[in-house]
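Chain and residue survey
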Amino acid sequence: MKKFSLVEFSVEHPKLVVILSVLITMLFMTQFPKMRTDTNPKNMLPATSDVRVWNDEIEKTFSLYEDMIAVGIVNEKGILNADTLGKIQRITDEILKIKGVAARDVSSFTTIDNVTVEDATLKVAPLMTKAPEDEKGIEYLRKMLYENPLFINRIISKDGKTTAIYVPLEKGANGKEIADSLREIVKKEKGDEQYYVAGDPVARDTFGAEMFKLMAIFAPIAGMVMLFVRYLMFRDLFLSITLMMDAMISIVWSMGLLIGLGFPIHIMSSMAPVFLMAIATDSMHIFNEFYFRYRETKNKKKAIIETMKAVSRPVRNTALATAAGFAVLLFMNIIPVKVFGGLVAFGTIALRVLSFSFIPAMFTFVKDEKIARIAHAEDIGIDRTSQFLKRLAGIGTHRPGLTVAIGFILFMVAVIGIAKIKVNNNLVEWFKKGSDVRVSDTVINQALGGTSLGYVVATAKEDEYIKTPEAMRYIEGLQRHLEKLPVVGKTTSVVDYVKRINRVLHDDDPKYDTVPETREMIGQYIFLFSMSAKPSDLDNVVDYPFKRANIWVQLKTWDAKAMQNVMSAMEEYKKTNPTPMEMKPAGIAYFNLVWNHEVLWDMVKGFILALIAVFAILAFDFRSVRWAIVGYTPLLFTVLLLYGVVGFIGKDFDMPISVLSCLSLGMAVDFAIHFVSRFRQRLAETGNKESITEALHWTAARPGKGIVRNAVLFAASFAVMIFAPLTPYITVGAFIVSMMLLSALMTIIYLPALITLMQGWLFKDNQGGRA
C-alpha cells in the first residue's frame, strides 16, 4: 500500500485543500469577538506568587489603592497666585466627578488635610477650602505649605513652581481613559500653566491601547512589505499573495486559538502576528527550489513533488527548531511570555502544515508559461546573486583559518560586551523620549517626590509597639537614611503625622518637631488626629493593632533597580541599627523589581533550554553530533555578537530583549539546517564527484540564495517595527533585522570555513567528498 503523502494529495486535490484551509480559518475567526486585553503588570506573575500575595495583603491592611495618577501643574512664575490657585480648585472639583476616580481620597490643595491648632485645640481640616483672592490669604497658604514637611515635595515643590493632584483609581478603572478625561479638564484652562499627567496606570493602559493599534497597523503593513519584496524577487503576484495568505491563515488560527482558550492578549502576544508573518518567510526555500526544479523538469507537478522531497527535511526540522525556540518560553514564570511562546510555537507548526498542503496546492493554479518565465532566470551559472554568494562562500573556503580566527576575536569582544549588560525594566521608557507619558513623568519626578511608589513595611512582634518612641525614632531614622538615595524623592510615615501634631500643640515651636518622649503621649496624639482626619490619612500608614507601620517611598524613576537600592539601604540601616521589627518592601516598585529578577532568571533558564533543544534538533536532523556542533557555531556566534552590541551601547536588558534571547536561537538555526542538509544532500546526489569546495559553492549559490531571500524577506517584515512609537517594538524590530541578516551572512561565509577547516574530523568515518 502506497504511503500517504500530504504534498501529493494537495497537488491532486488543490481546490479541496484551499477550501478546507478557508473553512478552518473562518472557524477560528468566530473566536475573535471574544477578544480581551490585559496590560496590568500584576498579571505578569501568577496570582499565587509571593510578591502578589504580599502586595495584596499590604493593600488590604493599609487601605491602599492599586493605581494612582499624578496631575502635575507647573507655572514658572510660581503657582501661589490667585489665578493659578483658582484653576487648581476648579480642576480638583472636576476630577472628583470622573467615574472611576476614588473621589474621597484625591489629594490636592482643596482636599488634603492640614494639621493646625485653633483655640488650643487640634484642628484637622482641608488645606485650602477656597482659593485665596488677596495677597494676605496667599501668604497664609504659603506659610501653611512650607511649614508642614508632609506637603513639601508632595503637593508643592521647594521652588514653588509645581504642584500635583494625586488621583487614586477605583479597582478596575482604565488608566488611559481617566488620563484622557484629566487632559480634557486641564485643556479648558488657559494661561501660563502647563499640565502633565503621569503614573503607572497612565503608562500601562496607554501602552496597552497603543499596543493594539500597532497590532492592527503593523501586521497588515508587514504583510504588504512581504508581498512587495517577494514580488520584487520573483515578479509573480499570485504566488506572492500565496505566501502572504499562508502567513495570514496561521495568524488567524493562532490568535483564534488563543482567544478561544480564554487567554487575554498581552504585549507579547500582540507581537505574535508580526512574528508569524516573518516566520512564514521560511517558505521561501520552497519557492526558491521550485523554480530551479521546474527549470530542470519542465513539469509543474513533478517540480512541486521533487521540490518538496528536496526541502521537506530541512523545512520540517527548521520548523521544529523554531517551534522549540518559542516553546521553551512555556517553562518561564512570566505569564504573558509563556502564552506568547505557546502561541507562536503553535503558529509555526501551522505554517509548516500549510507549507506541505496549501502552498503546493496554490502552485498548481499558476500557469506553466508564467513559471517558465521566472524559472528561466534561476540559473546559478549566470545569476548575479548566486555568483555573489559563491564569492562570499569562497572567502570561507579559501581562507578558512583566517575567517575562523576573525570570528574568534569578534566572539571575545562580544563576551566583553555581554559582561556590560545591565538588567532593568522601566515601563515609562517603553515610550519615546518626546512622548506625553515620558515627558510628564520626567517633569513631575524632577520637581516633586516622584511618580513611582514603593513601601517599606515595619512589622512588630506585639500589638501597640508602633506607638513606642523606640519604634517611632527607628522609622524616622530609616526615612532619613532612605532619603539620602538619589532615586528617593520623599518618604512619609505615621511618624511625620505624630511629629507635626507635637509641634503644633506646642505653639508651632520647631524644637518640638520631634517624636514625643512617651508611648502615652504618642497614643493620645494619634487618637486626636483620628477623630478629625480622613480615615485614609492614618489607614495608609499604620494598622489599628499598631503592629505594622507603612513607610511610603516616592521614587524619581520607574527603573526596577531603584527599589533594589532602597532595599539595600534598608538592610544596611538594619545592620547598623538592630531592631525587633521586621522590615519588608512592598508596592508596585517592589513588584517591578521582583518581576525584573524573574525576567532575568527566566531568560537564563530559557536560553539554556533553547541551547539544549536546538542542539538536539541539529543532532537529530544531521544524524551526527559533529555536524550539529558545526551547524551550531555560527548561530551561537550571531546571538552572542548581537548581545555584545547590546552591552556596548548601554541598552538595558529588559523584557523584550530577554525573550528574544530564547527565540532567536530557534530562528537563527534555520539557515544552518538548510545549508548543511542541502550540502550533504548535494554530496550524496553527485556521488562524491564534486569536491567539498565545489559542493559548498553550489550550496551557497542555490540553497544559499533561498537563505538570503528568506533573511531579506524576514528582515523586511520586521523592519516596519523600527518605525513604531513604542521602544519595545523598535528593539524587537532592530534586533530581529540584525539577527537575520547577520545570521545569513555567517551561514554563507562562516559555515564553509568551518566545514573546510574541519573536514578531516567531519568526514573521517565517511569519505563524503574530495577536498
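For the structure itself, look to the data block above.
Computed from a prediction, not measured in an experiment: that's the story for all the values here.

Analysis parameters
Residues numbered from 1 in each chain as written. Predicted model: local features only at pLDDT ≥ 70, side-chain atom pairs only at ≥ 80, totals over all residues. Heavy atoms only, no water. Helix = DSSP H or I, 4+ residues; strand = E, 2+ residues; numbered from the N terminus. Buried < 20%, exposed > 50% of the residue type's maximum accessible area, 1.4 Å probe, protein only. Contact = heavy atoms within 4.5 Å. Areas by Shrake-Rupley, 256 points an atom, 1.4 Å probe, with all protein chains shown as cover. Lys, Arg positive; Asp, Glu negative; His and termini not counted. Charge placed at Lys NZ, Arg CZ, Asp CG, Glu CD. Core = buried A, V, L, I, M, F, W, Y, C linked by side-chain atoms within 4.5 Å. Pairing = 2+ DSSP bridges. Phe/Tyr/Trp six-rings, centres within 6.5 Å; stacked < 30°, edge-to-face > 60°.

**Observations concerning the overall build of the protein**
A tally of helices and strands in the protein yields 29 helices and nine strands. Each principal axis of the C-alpha distribution contributes one length, and for the protein these read about 110 × 50 × 50 Å. For the protein, with 771 residues in total, the buried portion stands at 61%. In the protein, once contacts between residues fewer than 6 apart in sequence are set aside, the share between residues at least 24 apart is 80%. Accessible surface computed for the protein: about 31000 Å², of which carbon and sulfur atoms make up 61%. Side-chain charges of the protein comprise 87 positive and 77 negative groups, with the mean position of each set lying 11 Å from the other.

**Points about the nonpolar core**
Counting 248 residues, the largest nonpolar core has Ile95, Phe109, Val494, Met581 and Phe718 as its most contacted members. With 17 residues, the single largest contributor to this core is helix H28 (residues 727-757).

**So, the pairing of strand S8 (residues 548-555)**
Burial within S8 is extensive, with eight of its eight residues counted as buried. The two faces of S8 match: Arg548, Asn550, Trp552 and Gln554 on one face and Ala549, Ile551, Val553 and Leu555 on the other face are all buried. Pairing of strand S6 (residues 452-459) with S8 involves eight bridges; the strand directions are antiparallel. The partner of Ser452 across the bridge, within S8, is Leu555. Here strand S7 (residues 488-492) pairs with S8 via four bridges, running antiparallel. When the sheet's bridge partners are listed, Thr491 is paired in S8 with Val553.

**A look at the packing of aromatic side chains**
Summed over the entire model, instances satisfying the criterion amount to 17 aromatic pairs. Relative to Tyr632, the ring of Phe615 lies with its centre 5.3 Å away and its plane at 80°, an arrangement referred to as edge-to-face. Of this pair, Phe615 sits in helix H23 (residues 588-622) while Tyr632 sits in helix H24 (residues 625-649), placing them 17 residues apart in sequence. Since its relative accessible area comes to 25%, Phe615 is described here as partly exposed. For Tyr632, a relative accessible area of 13% corresponds to the buried category.

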